[in-house]
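Close look at the chain arrangement
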Amino acid sequence: VSRRRGVADPTHSSAAAGGETPASASATCHCGAVRISVRRAPSTVTSCNCSLCRRYGALWAYYAAKSVRIEAPRGALSSYSWRHRVRAYYRCRTCGCITHYQYRKAWGRNTVAVNACNFGPEVLAQVRVRHLDGAATWKYLD
Amino acid sequence: VSTYRGSCHCGAVRFEIDTDFPELTTCDCSICRRKNALMVKVHESALRLLSDPDALATYQFHTRTARHFFCRTCGIYPFHRKRVTPDFFGVNVFCLEGFDPSGIPVRATAGAPMP
């Protein structure tokens, strides 16, 4: 994950900044402070029924951390962790939109879960939603 | 009409509502689609905040009529004061204890076309 500090500037493409191919999809919080860019829009997302995910209403799209670019001004993100504090759930401090989560443990550092609700409706119209029973069995129900 | 207790995830925001769940709603406006919430509408007299009001952050935009609340600690959206009917709240039903949405009609409201 490359997290660029400073005011997010959509005219700064990944290609210009990092020599990568331009991002093909980006997810923004409501106020626009946080922008997450990925190379490919998600085709499958996960809806989890655990105590936290069901309240967040998040639809998680999993990415390799190195393929995700998170742009947010300094101090624009807040995070929440609970119980064993395995994951840190990030949100925009201003508008409260849940943006992504990352693992706090070394074994999970290669994954970023992006909240696909922050992509445009044209992205969500195409995705398959899988349902994870995070509340009990930790198995997919479909 | 029954009383349901609700909370954010960390417990800093606790509330109760009185409703018989005539329907649940979704909304496609710019903020509701990001929250992906399933909501029930209650009059302000049917919602009681049981915790410190300062635990809630507020976000407003556009007409700045609606007030979108979230917990300052865990970020959960528990309810918002509505724009067209500002004396009503939309409540995130997944914050409610012992609530099963199955069997309750869901109405998709069109928030996106609103000026």
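Up top you'll find the structure we're talking about.
Residues numbered from 1 in each chain as written. Chains lettered and ligands numbered in written order. Predicted model: local features only at pLDDT ≥ 70, side-chain atom pairs only at ≥ 80, totals over all residues. Heavy atoms only, no water.

A separate point is the pairing of strand E3 (residues 35-38) of chain A. Residue and element names in this part refer to chain A. Where strand E2 (residues 25-28) meets E3, four bridges bridge the pair, whose relative direction is antiparallel. Of the residues in E3, the one forming a bridge with Thr28 is Arg35. The hairpin turn running from E2 into E3, its antiparallel successor, is six residues long, and Gly32 in that turn takes a positive phi close to 90 degrees. Note that E3 and strand E6 (residues 68-71) share four bridges and pair antiparallel. Each bridged residue has a counterpart across the sheet, and for Val38 the counterpart in E6 is Val68. (Pairing = 2+ DSSP bridges. Helix = DSSP H or I, 4+ residues; strand = E, 2+ residues; numbered from the N terminus.)

For the rest of this paragraph, the subject is the interface of chain B and chain A. Taken together, the 23 residues of chain B in the interface contact 28 residues of chain A. A buried area of about 2,000 Å², summed over both sides, lies between chain B and chain A, and 51% of it is on carbon and sulfur atoms. Taken together, the connections running from chain B to chain A amount to zero salt bridges. Among the elements of the structure, helix H1 (32-35) and strand E7 (67-71) of chain B are those that each provide at least two residues to the side of chain B that touches chain A. For the side of chain B that touches chain A, the element with the highest residue contribution is H1(B), accounting for three residues. The residue inventory of the side of chain B that touches chain A, partitioned by class, reads twelve nonpolar, seven polar and four charged. (Contact = heavy atoms within 4.5 Å. Buried area = accessible area lost by both parts, 1.4 Å probe. Salt bridge = Lys/Arg side-chain N within 4 Å of Asp/Glu carboxyl O. Nonpolar A, V, L, I, M, F, W, Y, C, P; charged D, E, K, R; others polar.)

Here we come to unusual backbone geometry. With a phi close to 50 degrees, A:Arg83 is a non-glycine residue in the positive phi region. Here A:Arg83 lies in the loop between strand E7 (77-80) and strand E8 (87-92). At B:Arg64, a residue that is not glycine, the phi angle is positive and equals roughly 55 degrees. You can see B:Arg64 is positioned in the loop between strand E6 (56-59) and E7.

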